[in-house]
Amino acid sequence: MVIELFTSQGCSSCPPADALIRELAETREDVLPLALHVDYWDYIGWADSFARPEHTKRQKAYSYAAGMRSIYTPQMVVGGIDHVIGFKPMAVAETIAAHQMASPRVILTGGLQDGVARVRAVPLTDEALPARIVAVLVRYTRREQVRITRGENAGQNLEYANIVTAMDEVGEWDGQANWQLEVEVEGEAPAALLLQTAGVGPILAALRLR
């Protein structure tokens, strides 16, 4: 289960949500929490050192797909489809549980060896899968601590987990039959692969690459 948190070091409402991502990263093997730092809070006095404009773009695309007029921090997107705005741990837990009760539509297996990820996707349902599914390679940093000296969180030492540093589309699948992918994974940073309906739709499967 993939949880994407859109957050900012300059947002005073975000530290509790950041802490929840840390807790999930430490305690839930069945959940892949990802912190995507956005850049639209940078103007208020503190430029987020992890912020990337493509994260803001992804958040806007999610909100547009959901028919929402605004974007927020903190904002979590669960499974590529359900939104939890603000720090609402019970709502997050309930949303995770609801997703886990649903029957999986795809199984994704594989691993990482000698700098190459080899994965295999198999449909698990007679129901037609989306006609265009993209494979997204995610790279992230497990843990960083930042001393905030300006802005809304000035004076705090904040700890962050699973900080996304890159998200790249590395393949595409039509969902019609078993599918395989090989992709180079450079460096030592943790990596994961997501299978997501094109256009930031539902995430059908995810795999930590080890």
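Here is a short report on the structure shown in this document.

Rules used throughout
- Residues numbered from 1 in each chain as written.
- Predicted model: local features only at pLDDT ≥ 70, side-chain atom pairs only at ≥ 80, totals over all residues.
- Heavy atoms only, no water.
- Helix = DSSP H or I, 4+ residues; strand = E, 2+ residues; numbered from the N terminus.
- Buried < 20%, exposed > 50% of the residue type's maximum accessible area, 1.4 Å probe, protein only.
- Contact = heavy atoms within 4.5 Å.
- Pairing = 2+ DSSP bridges.
- Axes fitted to C-alpha atoms, helices over the stretch in contact; angles between N-to-C directions.
- Phe/Tyr/Trp six-rings, centres within 6.5 Å; stacked < 30°, edge-to-face > 60°.
- Core = buried A, V, L, I, M, F, W, Y, C linked by side-chain atoms within 4.5 Å.
- Expected span 1.5 Å × (residues − 1).
- Arc of directions from axis to C-beta.

1. Regarding the environment of Ala191
Line of reasoning, step 1. On the secondary structure map, Ala191 appears in strand 10 (residues 191-197).
Line of reasoning, step 2. Ala191 sits in the buried class, given a relative accessible area of 4%.
Line of reasoning, step 3. Spatially, the C-alpha atoms of Ala191 and Arg208 are 6.3 Å apart, while their sequence positions differ by 17 residues.
Line of reasoning, step 4. Aside from chain neighbours lying at most four places away, what touches Ala191 is Leu137, Val138, Arg139, Tyr140, Val185, Arg208 and Leu209.

2. Side note on the sheet that holds strand 5 (residues 106-113)
Line of reasoning, step 1. Here three strands make up an open sheet; going across it, the order is 5-6-9 and the pairing antiparallel. Either end of the sheet is taken by a strand with one partner, and the two such strands are strand 5 and strand 9 (179-184). In this sheet, neighbouring strand axes are inclined to one another by 15 degrees on average, regardless of whether the strands run parallel or antiparallel.
Line of reasoning, step 2. The pairing of strand 5 with strand 6 (residues 116-123) spans eight bridges and is antiparallel. Bridged to Ile107 within strand 6 is Val122.

3. Considering the packing of aromatic side chains
Line of reasoning, step 1. Within the structure shown, the criterion is met by three aromatic pairs.
Line of reasoning, step 2. Judged by centre distance (5.8 Å) and plane angle (80 degrees), the ring pair of Phe50 and Tyr160 falls under edge-to-face. Residue Phe50 is located in the loop between strand 2 (32-37) and helix 2 (53-65), and its partner Tyr160 is located in strand 8 (residues 157-173); the two are separated by 110 residues in the primary sequence.
Line of reasoning, step 3. When its relative accessible area of 16% is taken as the criterion, Phe50 is described as buried.
Line of reasoning, step 4. Ring geometry for Trp173 against Trp179: centres 5.9 Å apart, planes inclined by 20 degrees, an arrangement best described as stacked. Here Trp173 and Trp179 have matching classes, each one buried.

4. Examining the nonpolar core
Line of reasoning, step 1. Membership of the largest hydrophobic core comes to 21 residues, with the highest contact counts inside it found for Val106, Leu108, Trp173, Leu193, Leu195 and Leu209.
Line of reasoning, step 2. A total of four residues in this core trace back to one element, the largest contributor, which is strand 11 (residues 203-209).
Line of reasoning, step 3. Apart from residues lying up to four places away in sequence, Leu195 is in contact with Val106, Leu108, Ala121, Ile133, Val134, Ala135, Trp173, Trp179, Pro202, Ile203, Leu204 and Ala205.
Line of reasoning, step 4. Judged by nonpolar contacts, the second largest core, of 17 residues, contains Val2, Val136, Ala192 and Leu194.

5. Side note on helix 2
Line of reasoning, step 1. A rise of 1.5 Å per residue sets the reference length of helix 2, with its 13 residues, at 18 Å; its end C-alpha atoms lie 18 Å apart and thus fit the reference within 8%.
Line of reasoning, step 2. Those residues of helix 2 not exposed but buried are His55, Thr56, Arg58, Gln59, Tyr62 and Ser63. Burial along helix 2 is one-sided: seen end-on, the buried residues are contained in an arc of 160 degrees. Residues of helix 2 that are exposed and angled more than 90 degrees away from the buried face: Pro53, Lys57, Lys60, Tyr64 and Ala65.
Line of reasoning, step 3. Looking one or two residues past helix 2, Gly67 carries a phi angle of roughly 75 degrees, positive in sign.

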